[in-house]
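Structural description and commentary
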Amino acid sequence: MNKTNVGFFSGDITRSGGTERVAILIAEKLNLDNKYNISFISLTERKEKPFYSISDSIKRYTLSDKEIKGAKNLVAYTRQLKKIVKKNKIDVLIDIDGIIDLYAVPVKWMTGVKIISWEHFNIYNHPKIKLRNRVRKIAVKNVNAIVTLTEQDKEYYQKELSFKCPICAIHNPKTYIDTENEEYKKESKTIISVGRLTYQKGFDRLVQVADNVLKKYPEWQWKVFGEGEDQQMLQDMIKERSLEKNVKLMGNVDDISQEYHNSAMFVMTSRFEGLPMTLLEAKCHKLPCISFDIKTGPRECIIDGVNGYLIPDGNIEEMSIKIEELIRDDEKRIDFSKHAQDNMDDFDIETIVPKWKELINIIAD
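Described in the following lines is the structure provided in the data block. (Residues numbered from 1 in each chain as written. Predicted model: local features only at pLDDT ≥ 70, side-chain atom pairs only at ≥ 80, totals over all residues. Heavy atoms only, no water.)

**Topic: the pairing of strand β5 (residues 114-118)**
Burial runs high along β5: four of the five residues are buried. One ladder, built from five bridges, connects strand β4 (residues 92-96) with β5; its direction is parallel. Residue Ile-94 lies in a different strand from β5, and its bridge partner there is Ile-116. Handedness of the β4-helix α3 (residues 101-111)-β5 crossover: right-handed. Bridge count between β5 and strand β6 (residues 145-148): three bridges; the pairing is parallel. Within β6, the residue paired with Trp-118 across the bridge is Val-147. (Buried < 20%, exposed > 50% of the residue type's maximum accessible area, 1.4 Å probe, protein only. Helix = DSSP H or I, 4+ residues; strand = E, 2+ residues; numbered from the N terminus. Pairing = 2+ DSSP bridges. Right-handed = clockwise from strand over helix to strand, strands pointing away.)

Shown next as structure tokens:
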């Protein structure tokens, strides 16, 4: 039986990001099926050992030992990618993040390799990054398929771009095991948020909400886990509002699972997402979830009024009101917790991998 040679093409598969995590998870599952030979190709690898474990049976290749940005050295690196594709007889190249279609599309022209462009951002992210927008316009006319993370984003892509290839929505899989036997800590007085301290995650909006809520309920704490360039700015905002005792920037921790377990609710204040994995993590730990109803992600994770609340994007007052409602109403928090995992089968790896197999098989034929 001829195997299909599938290469996952990444910026750097050794990184610790959510994109790398789910790519490795899916690749490992495909690798268990003897119909496929799986490999990873990175523009560069800055670490000798990947942050997330990769089986020895999955080969890894790099185009350069230096970090590559934008279109720099496009010809040289395209030539290197071509060599790897030809040498390993790769049938399907899955671009992890559409921006690296920049390198893959010319290789398709030269070798005939089939390309799946896997978009981890919604189409309205990074509007000022002209290169990303240009690459998208090239990709939709040249790749063999595009994968978005949500049905909502699939609709946005179809609305904004003229396609010559199929487009399908495949969720990223949850990365935590559902904790069916874990008991919700109804006595907890901790709100949790998780993410890099960047503009995207909107933690400045979180501080504004906290200012409304925690001065009325000073026995509650709001813990934010993550690091990033906005840390000092956020710390200054917290100090200006005298919230130092209630809003804590916790940095990164080794076991975020325990922090979810010890919390009463999860709140997300992001300005944009693809599919927010932190929401799925919180749901796995049976937490009620509140999020701004941004363009993609939360609406496919939260069932409004059943296991959490969707708040009109940027409405600080409405988010404050809903958090206060859950603080006051223990029974509603408990009920939301009971329903936290109602739609989690949609994000199960056993649901998602067959969709990838079907797409790869169609593209490879």
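**Notes on the packing of aromatic side chains**
One pass over the full model with this rule turns up five aromatic pairs. With 6.2 Å between their ring centres and 45 degrees between their planes, Tyr-260 and Phe-266 make a pair best called tilted. Relative to Phe-336, the ring of Tyr-309 has its centre 5.2 Å away and its plane inclined at 70 degrees; by these criteria the two rings are edge-to-face. Here Tyr-309 is found in strand β13 (residues 308-311), whereas its partner Phe-336 is found in helix α12 (residues 330-338), with 27 residues between them in sequence. On the basis of relative accessibility, which here comes to 7%, the residue Tyr-309 falls in the buried class. A relative accessible area of 2% places Phe-336 in the buried class. (Phe/Tyr/Trp six-rings, centres within 6.5 Å; stacked < 30°, edge-to-face > 60°.)

**Side note on a nonpolar patch on the surface**
A contiguous nonpolar surface patch, about 350 Å² in accessible area, is contributed by Trp-109, Met-110 and Ile-138. Assignment of secondary structure puts Trp-109 in helix α3. Take Trp-109: its relative accessible area is 59%, and that puts it in the exposed class. (Patch = residues over 30% accessible without salt bridge, like charges linked within 9 Å, V, L, I, M, F, W, Y side chains within 5 Å. Areas by Shrake-Rupley, 256 points an atom, 1.4 Å probe, with all protein chains shown as cover. Salt bridge = Lys/Arg side-chain N within 4 Å of Asp/Glu carboxyl O.)

**Points about the environment of Ala-104**
Tracing the chain through its elements places Ala-104 in helix α3. Put simply, Ala-104 and Tyr-77 are 27 residues apart on the chain and 9.9 Å apart in space, counted from C-alpha to C-alpha. Those residues in contact with Ala-104 that lie beyond four places of it in its chain are Phe-9, Leu-81, Leu-93, Asp-95 and Ile-115. (Contact = heavy atoms within 4.5 Å.)

**Considering the nonpolar core**
Grouped together as the largest cluster of nonpolar side chains are 86 residues, with contacts concentrated most on Phe-8, Ile-116, Trp-118, Trp-222, Phe-266, Ile-323 and Trp-356. A total of seven residues in this core trace back to one element, the largest contributor, which is helix α13 (residues 349-364). Of all hydrophobic cores here, the second largest spans 29 residues; its members include Ile-84, Ile-100, Tyr-103 and Val-140. (Core = buried A, V, L, I, M, F, W, Y, C linked by side-chain atoms within 4.5 Å.)

**A word on unusual backbone geometry**
Glycine aside, residues mostly have negative phi, and peptide bonds are mostly found in the trans state. Its identity as a non-glycine residue notwithstanding, Asp-97 has a phi of 95 degrees, on the positive side. When you line up the elements, Asp-97 lands in the loop between β4 and α3. Classification of Asp-97 as buried rests on a relative accessible area of 15%. Phi at Lys-286 is positive, roughly 65 degrees, even though this residue is not glycine. For Lys-286, the location among the structural elements is in the loop between α9 (277-284) and β12 (289-292).

**Let's talk about the packing of helix α6 (residues 203-213) against helix α11 (residues 316-328)**
It is at 9 Å that the axes of α6 and α11 come closest, and there the two elements cross at 55 degrees. As the angle between them shows, α6 and α11 are arranged oblique. For the pair α6 and α11, the sense of crossing is right-handed. Within the contact between the two elements, α6 uses Arg-205, Gln-208, Val-209, Asn-212 and Val-213 and α11 uses Ile-316, Glu-317, Met-319, Ser-320, Ile-323, Glu-324 and Ile-327. (Axes fitted to C-alpha atoms, helices over the stretch in contact; angles between N-to-C directions. Parallel < 35°, antiparallel > 145°, perpendicular 65-115°, else oblique. Left-handed = near helix turned anticlockwise from the far one by under 90°.)

**Details of the state of the cysteines**
A full pass over the atoms with the stated rule returns zero disulfides. Cysteine Cys-284 remains unbridged, with the sulfur of Cys-289 as its closest cysteine sulfur at 10.0 Å. Judged by relative accessible area, which is 1%, Cys-284 ranks as buried. Just so you know, Cys-301 is unpaired, no disulfide at all, and the nearest cysteine sulfur is the one on Cys-289, 8.4 Å from it. Here Cys-301 falls in the buried class, since its relative accessible area comes to 0%. (Disulfide = S-S within 2.5 Å.)

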